[in-house]
Amino acid sequence: MYQVLDEKGKVVDDKTMKEFTDEELVDLMEDIVWGRALDERTIILNRQGALANYATAGGQEASQFGTLKGLEKGDFLVPGYRDIGVSIKHGLPMEQAFMWYRGHVGGNKYDKDFQMMVPQVVVAGGITHAMGVAFAKKRRNEENVVLAFTGDSATSEGDFYEGINFAGAFGVPLIVVVQNNGYGISVPVHEQTAAETLAQKGVAAGVASIQVDGMDPVATYAATRKAREYALKENKPVLIETMTYRFGPHTMSDDPKKYRTEEELNEWKKKDPIVRLRAYLTEKGLWEESREEEIKKEVTKEAQQAIEKMNQEPDMKIVDLLENMYEVKPQNIQEQIEKYKAKEQK
């Protein structure tokens, strides 16, 4: 398993660490602290009823924001339902992300130039889409990659293998990040597959694959940066399995105490990506915990403003939903549109 910083924040790969500037590492720290703060704030908003169900992401910041750091301008992102914070960092307005949580159609309306797909809820559903976007970028001779996030349970789905198999066969610049947080909702990985690693599933498809310490933000950053360079130079996909853990429930309607122990959770909390990068940067005199408090306040303010903007949007109508189901609408959908237009105009 690839690692740069251990659990105590000590460097175990000095060569890789020297590839990063102090500024890059401080920026990375700010991102993962921002991600944790947003996760905590969104949980509160969910409990207050301001947002619908939420898939928590606390603990997975290195897996998410570390990999995102490895991308460059123009690279395309295909997120999953747990990757909303990363989507915002990639450029999605926060109020639009919150609208997505509410199931409002406005949460899915992106500018054509925005290099991201709507977060995918279907497990593994985004991998085939990401492969298609990467194929298009190759055909257009664009010097950019596509990065798709997915989870451990996705590797048990047909879409996952079909996507990486096509990516390997056609040689496209696709990076698939399998965030192995140990559970597909309540099902542990060892009950999902007999494979010793999920990275080896990429090897089976002829895809360059690596298993990374997903609680080490420097390792995920470095691995993605190298994967991007390889994908563009070789015109081949890469699979990155990040060994991570979600500290909270699968979603806010889930009770993780029914399928995992407090002891297990506490062991993983010792590997907290914020704690280990904080230790490293503090020792070098590059970080103070007061900055974390500042970021938390900034996130609280950002979230409040986003909620206010979202609440100014008109309520979604049934016609809005039906209008966006098909580009060419079949007769039964067209009939329903006319029916609800008449009702909603009253």
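No experiment lies behind these values; they were computed from the predicted model shown. (Residues numbered from 1 in each chain as written. Predicted model: local features only at pLDDT ≥ 70, side-chain atom pairs only at ≥ 80, totals over all residues. Heavy atoms only, no water.)

1. Comments concerning the overall build of the protein
Next up, step 1: In terms of helices and strands, the protein carries 15 helices and seven strands.
Next up, step 2: What you see for the protein is a C-alpha radius of gyration of 21 Å, in line with the 20 Å of a compact globule of 346 residues.
Next up, step 3: Oriented by its inertia axes, the alpha-carbon framework of the protein measures out at about 65 × 50 × 40 Å.
Next up, step 4: Here the protein, with 346 residues, has 51% of them falling under the buried criterion.
Next up, step 5: In the protein, once contacts between residues fewer than 6 apart in sequence are set aside, the share between residues at least 24 apart is 74%.
Next up, step 6: Accessible surface for the protein amounts to roughly 16,900 Å². Of this, 48% is attributable to carbon and sulfur atoms. (Helix = DSSP H or I, 4+ residues; strand = E, 2+ residues; numbered from the N terminus. Rg over C-alpha atoms; globule rule 2.2 N^0.38 Å. Buried < 20%, exposed > 50% of the residue type's maximum accessible area, 1.4 Å probe, protein only. Contact = heavy atoms within 4.5 Å. Areas by Shrake-Rupley, 256 points an atom, 1.4 Å probe, with all protein chains shown as cover.)

2. Remarks on the pairing of strand β3 (residues 174-180)
Next up, step 1: The buried count for β3 comes to seven of seven residues, which makes it a mostly enclosed element.
Next up, step 2: By the alternation rule, side chains of β3 split into L174, V176, V178 and N180 and I175, V177 and Q179, which are all buried.
Next up, step 3: For strand β2 (residues 146-151) and β3, the ladder comprises six bridges, and the chain directions are parallel. The residue bridging A148 from the neighbouring strand is V176, located in β3.
Next up, step 4: Note that the unit made of β2, helix α7 (residues 158-170) and β3 has a crossover that is right-handed.
Next up, step 5: One ladder, built from six bridges, connects β3 with strand β7 (residues 238-243); its direction is parallel. The residue of β7 that forms the bridge with N180 is M243. (Pairing = 2+ DSSP bridges. Right-handed = clockwise from strand over helix to strand, strands pointing away.)

3. A word on helix α6 (residues 125-139)
Next up, step 1: Counted at 1.5 Å a residue, the expected span for α6 with its 15 residues is 21 Å, and the 23 Å between its end C-alpha atoms agrees.
Next up, step 2: Those residues of α6 not exposed but buried are G125, G126, I127, A130, M131, V133, A134 and K137. (Expected span 1.5 Å × (residues − 1).)

4. Some details on the pattern of salt bridges
When the charged atoms of two side chains lie near each other, side chains of opposite charge can form a pair.
Next up, step 1: This structure, assessed with the given rule, holds 19 salt bridges.
Next up, step 2: Here E142 makes a salt bridge to R140, at a shortest N to O gap of 4.0 Å.
Next up, step 3: Between E323 and K329 there is a salt bridge, with the nearest N and O atoms lying 3.7 Å from each other.
Next up, step 4: Given a relative accessible area of 25%, K329 falls into the partly exposed group.
Next up, step 5: Sharing partners across several salt bridges, the network here consists of E30, R291, E294 and E298. (Salt bridge = Lys/Arg side-chain N within 4 Å of Asp/Glu carboxyl O.)

5. As for a nonpolar patch on the surface
Next up, step 1: A grouping of M316, L321, M325 and Y326 is seen on the molecular surface, where their side chains present a nonpolar patch of about 370 Å² in accessible area.
Next up, step 2: Within the secondary structure layout, L321 lies in helix α14 (residues 318-323).
Next up, step 3: For L321, a relative accessible area of 48% gives the class partly exposed. (Patch = residues over 30% accessible without salt bridge, like charges linked within 9 Å, V, L, I, M, F, W, Y side chains within 5 Å.)

6. Section: the sheet that holds β2
Next up, step 1: One open sheet holds the five strands; their spatial order is β1-β2-β3-β7-β6, and the pairing between them is parallel. Edge strands, defined here as strands with exactly one partner in the open sheet, are β1 (76-78) and β6 (208-213). Along the sheet, successive strands turn relative to each other by an average axial angle of 20°, direction set aside.
Next up, step 2: Where α6 meets the sheet, its contacts fall on β1, β2 and β3, and the angle it forms with β2 comes to roughly 170°. (Axes fitted to C-alpha atoms, helices over the stretch in contact; angles between N-to-C directions.)

7. Notes on the side chain of D254
Next up, step 1: Tracing the backbone shows D254 in the loop between β7 and α11 (262-269).
Next up, step 2: One buried charged side chain, D254, makes no salt bridge at all; its nearest oppositely charged neighbour is R246, positioned 4.1 Å away.
Next up, step 3: A distance of 2.8 Å separates the side chain of D254 from the backbone nitrogen of H250, its partner in a polar contact.
Next up, step 4: Looking at D254, its side chain comes within polar contact range of the side chain of Y259, at 2.6 Å.
Next up, step 5: Sequence-distant contacts of D254, that is, excluding residues within four places in its chain, are made with R246, P249 and Y259. (Lys, Arg positive; Asp, Glu negative; His and termini not counted. Polar contact = N/O pair within 3.5 Å; in protein donor to acceptor, adjacent residues only side chain to side chain.)

8. Considering the environment of R260
Next up, step 1: Along the chain, R260 turns up in the loop between β7 and α11.
Next up, step 2: Note on R260: relative accessible area 9%, which makes it buried.
Next up, step 3: Distance in space between the C-alpha atoms of R260 and V187 is 9.9 Å, their sequence separation being 73 residues.
Next up, step 4: Of the polar contacts made by the side chain of R260, one reaches the backbone oxygen of F247; its length is 2.8 Å.
Next up, step 5: At 3.1 Å, the side chain of R260 and the backbone oxygen of G248 are in polar contact.

9. Brief notes about unusual backbone geometry
Next up, step 1: A positive phi angle, close to 60°, is found at I185, a residue other than glycine.
Next up, step 2: Structurally, I185 is set in the loop between β4 (183-184) and β5 (187-188).
Next up, step 3: Take I185: its relative accessible area is 42%, and that puts it in the partly exposed class.
Next up, step 4: Even without a glycine there, the phi angle at N235 is positive, about 55°.
Next up, step 5: Locating N235 in the fold gives a position in the loop between α10 (217-234) and β7.
Next up, step 6: Residue N235 is classed as partly exposed on the basis of its relative accessible area of 33%.

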